[in-house]
Amino acid sequence: TTEYETIRTELHGEGARRVALVTLNRPKQLNALNDRLMTELGAALKAFDADDGVGCIVITGSEKAFAAGADISEMKPLTFIDAYRTDFISRNWETIRSVRKPVIAAVAGYALGGGCELAMMCDFIIAADTAKFGQPEIKIGIFPGAGGTQRLPRAISKAKAMDMILTGRNMDADEAERAGLVSRVVPAAALIATALEAAETICGYGAPSVTMAKECVNRAYEGTLADGVAFERRLFHAVFATADQKEGMDAFLTKRPPQFRHE
Ligand code: CAA
């Protein structure tokens, strides 16, 4: 396995397609997302996306913090021209959006600023009851710069997003669930097991239909309804070209478990 300095990676589960668990690992800095970490995270995600033995990816942090934001000590000296010339934030933060396999964020503790934005870049968020979400950038003289001003209003409504981004207040896990930011809240001790179980469930399904479903939902998130429905129709027709569709339906009709071949 590849050695990283700021993340840890491991494989879970059995079978042809396993779960890759990526743990953000700068505990002393509450997993502040510096350039090194985002580059390593991007490299790990790309490698797992290309690995046929991996069906789903889980990203998590520590008990205290998923991530407390972009690294403020790294950002403080940044000038406009540095940020513009190096395409600051986009350059190694956007990799996660190009991953075609499902990516689940398992969040305990702080998910603030870039940490909240990173969680929102994942396909869904499972939260521990200790999770705290916020976009506190306004308190340090900036505002969210890794998609927060765009993804938060889509996830939780304009009113709530404005409230969070302009006041910098945190949401606890229950409020985040009520607002629709997270898909489930579980006791902190059950967080990783719950996320791995969801990921293993996904790994058991036919990979083409999983990938197509993710693509279609992202289209809903990013485009208009008419465009999204047309896109869904095209991929829905395509899924009938897969062996897994015949297998899944035959298994149902003959009352036996399916043997997906991920093709
Ligand atoms: N960047 C760099 N270092 C950070 C950090 C960050 N975002 N968050 C925490 N740390 C460091 C602290 O400086 C501290 O380091 P030292 O031990 O060397 O002093 C260490 O992590 C532990 O943090 P605290 O002592 O502050 O821990 P706490 O339990 O008292 O407080 C906290 C926890 C409320 C999360 C607090 O650390 C905090 O407010 N952090 C900053 C949150 C923030 O503003 N995030 C947004 C960053 S900007 C951004 O993300 C831009 C973007 O849109 C991409």
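Each chain carries its own residue numbering, running from 1 in the direction its sequence is written. It should be noted that, the model being predicted, local features are given only for residues of pLDDT at least 70 and side-chain atom pairs only at 80 or more, the latter also being counted only at that level, while totals for whole chains, interfaces and linings use all residues. Excluding hydrogens and water, the side-chain values take into account all heavy atoms of the structure.

- Labelled according to an unreviewed UniProt entry, the protein chain appears under the name enoyl-CoA hydratase, originating from Piscinibacter koreensis.
- Among the UniProt annotations of the protein chain, the heading Function (unreviewed entry) holds the following wording: "Could possibly oxidize fatty acids using specific components." UniProt positions are given in the numbering used here, feature names are shortened, and annotations may be inferred rather than shown by experiment.

### Let's talk about the overall build of the protein chain
Phase 1 of the analysis: The secondary structure listing takes helices from DSSP runs of H or I that are at least 4 residues long and strands from runs of E that are at least 2 residues long, numbered from the N terminus. Within the protein chain, the secondary structure is distributed over 13 helices and 10 strands.
Phase 2 of the analysis: When we talk radius of gyration, it's over C-alpha atoms, and the globule rule is simply 2.2 Å times the number of residues to the 0.38. Its C-alpha atoms give the protein chain a radius of gyration of 19 Å, near enough to 18 Å, the size a compact globule of 263 residues would have.
Phase 3 of the analysis: Overall size of the protein chain, expressed as C-alpha extent along the three principal axes, is 60 × 45 × 40 Å.
Phase 4 of the analysis: Relative accessibility under 20% of the residue-type maximum defines a buried residue, over 50% an exposed one, and the middle range a partly exposed one, all with a 1.4 Å probe and only protein chains included. Counting the 263 residues in the protein chain, one finds 45% classified as buried.
Phase 5 of the analysis: Two residues qualify as a contact provided that any one of their heavy atoms is within 4.5 Å of a heavy atom in the partner residue. Looking at the protein chain alone, contacts between residues at least 24 apart form 65% of all its contacts between residues at least 6 apart.
Phase 6 of the analysis: Areas reported as accessible are Shrake-Rupley estimates using a 1.4 Å probe. Residue values count occlusion only from the protein chains shown. Counting every atom, the protein chain has about 13,700 Å² of accessible surface; 57% of that belongs to carbon and sulfur.
Phase 7 of the analysis: Positive: Lys, Arg. Negative: Asp, Glu. His and the chain ends are not part of the count. Charge positions are represented by NZ for Lys, CZ for Arg, CG for Asp and CD for Glu. A gap of 3 Å separates the mean positions of the 31 positive and 34 negative side-chain charges of the protein chain.

### A closer look at the site of the ligand
Phase 1 of the analysis: Around the ligand, the surrounding shell holds 24 residues, and the nearest of these are Lys64, Ala70, Gly114, Glu117 and Glu137.
Phase 2 of the analysis: One of the backbone N or O atoms of alanine 68 is found 3.0 Å from a nitrogen atom in the ligand.
Phase 3 of the analysis: Nitrogen and oxygen atoms within 3.5 Å of one another constitute a polar contact, given that in protein one can donate a hydrogen and the other can accept it, and given that sequence-neighbouring residues count only through two side-chain atoms. Contacts to the ligand include isoleucine 72, whose backbone N or O atom sits 2.9 Å from a nitrogen atom.
Phase 4 of the analysis: When the ligand sits alone it has 980 Å² of accessible area, and the protein chains cover 61% of it.
Phase 5 of the analysis: Secondary structure elements with two or more residues in the shell around the ligand: helix 2 (72-75), strand 6 (110-112) and helix 6 (114-121).
Phase 6 of the analysis: Its residues placed into classes, the shell around the ligand shows 14 nonpolar, five polar and five charged. When we say a residue is near a molecule or strand, we mean one of its heavy atoms is within 4 Å of it. Gly is put with the polar residues, along with every residue not named as nonpolar or charged; the nonpolar set is Ala, Val, Leu, Ile, Met, Phe, Trp, Tyr, Cys and Pro, and the charged set is Asp, Glu, Lys and Arg.

### What to know about the pattern of salt bridges
Phase 1 of the analysis: Salt bridges are defined by distance alone: a side-chain nitrogen of Lys or Arg within 4 Å of a carboxyl oxygen of Asp or Glu. One pass over the structure, following the stated rule, counts 16 salt bridges.
Phase 2 of the analysis: As a salt-bridge pair, arginine 97 and glutamate 94 come within 2.8 Å of each other at their nearest N and O atoms.
Phase 3 of the analysis: For arginine 97, a relative accessible area of 44% translates into the label partly exposed.
Phase 4 of the analysis: One salt bridge connects glutamate 263 with arginine 261, and the closest N-O pair in it is separated by 2.4 Å.
Phase 5 of the analysis: Look at the salt bridges and you will find they share partners, linking Lys160, Asp163, Arg169 and Glu175 into a network.

### Quick word on the sheet that holds strand 8 (residues 132-134)
Phase 1 of the analysis: An order of 4-6-8-9 is seen for the four strands of this open sheet, with the pairing classed as mixed. Two strands close off the open sheet at either side, each with one partner strand: strand 4 (65-67) and strand 9 (170-172). Each strand axis lies, on average, 20° off the axis of its neighbour in the sheet, ignoring direction.
Phase 2 of the analysis: Whether two strands pair comes down to DSSP finding at least two bridges between them. In terms of strand pairing, strand 6 meets strand 8 through three bridges, oriented parallel. Bridged to leucine 112 within strand 8 is glycine 134.
Phase 3 of the analysis: Of the strands in this sheet, strand 4, strand 6 and strand 8 are in contact with helix 6, which crosses strand 6 at around 90°. Note on geometry: axes are C-alpha line fits, over the in-contact stretch for helices, and angles between N-to-C directions span 0 to 180 degrees.

### Topic: a nonpolar patch on the surface
Phase 1 of the analysis: A surface patch of nonpolar side chains, about 410 Å² in accessible area, is lined by Ile138, Phe143, Met162 and Leu166.
Phase 2 of the analysis: Note on placement: leucine 166 falls in helix 8 (residues 158-167).
Phase 3 of the analysis: Among the residues examined, leucine 166 registers a relative accessible area of 54% and is labelled exposed. Every patch collects residues that have over 30% relative accessible area and no salt bridge, joining them within 9 Å if they carry like charges and within 5 Å if they are nonpolar side chains (Val, Leu, Ile, Met, Phe, Trp, Tyr).

### Regarding the pairing of strand 2 (residues 18-24)
Two faces belong to every sheet, and in a regular strand the side chains alternate between them.
Phase 1 of the analysis: By the criterion of burial, strand 2 is predominantly enclosed, with six of the seven residues buried.
Phase 2 of the analysis: Examined bridge by bridge, strand 1 (residues 7-12) and strand 2 share six bridges and lie antiparallel to one another. Its bridge partner being in strand 2, glutamate 10 is matched across the sheet by leucine 21.
Phase 3 of the analysis: Between strand 1 and strand 2, which pair antiparallel one after the other, the connecting turn spans five residues, and glycine 13 there sits at a positive phi close to 90°.
Phase 4 of the analysis: With six bridges connecting them, strand 2 and strand 3 (residues 54-60) associate as parallel partners. Bridge pairing in strand 3 places arginine 18 opposite valine 54.
Phase 5 of the analysis: For the crossover from strand 2 across helix 1 (residues 35-50) to strand 3, the handedness is right-handed. Handedness of a crossover: with both strands directed away from the viewer, a clockwise path from the first strand across the helix to the second marks it as right-handed.

### Some details on the nonpolar core
Phase 1 of the analysis: Among the nonpolar cores identified, the biggest contains 49 residues, and Ile57, Ile59 and Phe133 are the most heavily contacted of them.
Phase 2 of the analysis: The element best represented in this core is helix 1, accounting for six residues.
Phase 3 of the analysis: For isoleucine 59, the residues in contact, after removing those within four places along its chain, are Val22, Leu24, Leu41, Leu45, Phe66, Ile96, Val103, Ile104, Ala105, Ala106 and Cys122.
Phase 4 of the analysis: Grouped together as the second largest cluster of nonpolar side chains are 18 residues, Cys56, Ala108, Ala199 and Val210 included. Here, the term nonpolar core denotes a set of buried Ala, Val, Leu, Ile, Met, Phe, Trp, Tyr and Cys residues that are joined through side-chain atoms within 4.5 Å.

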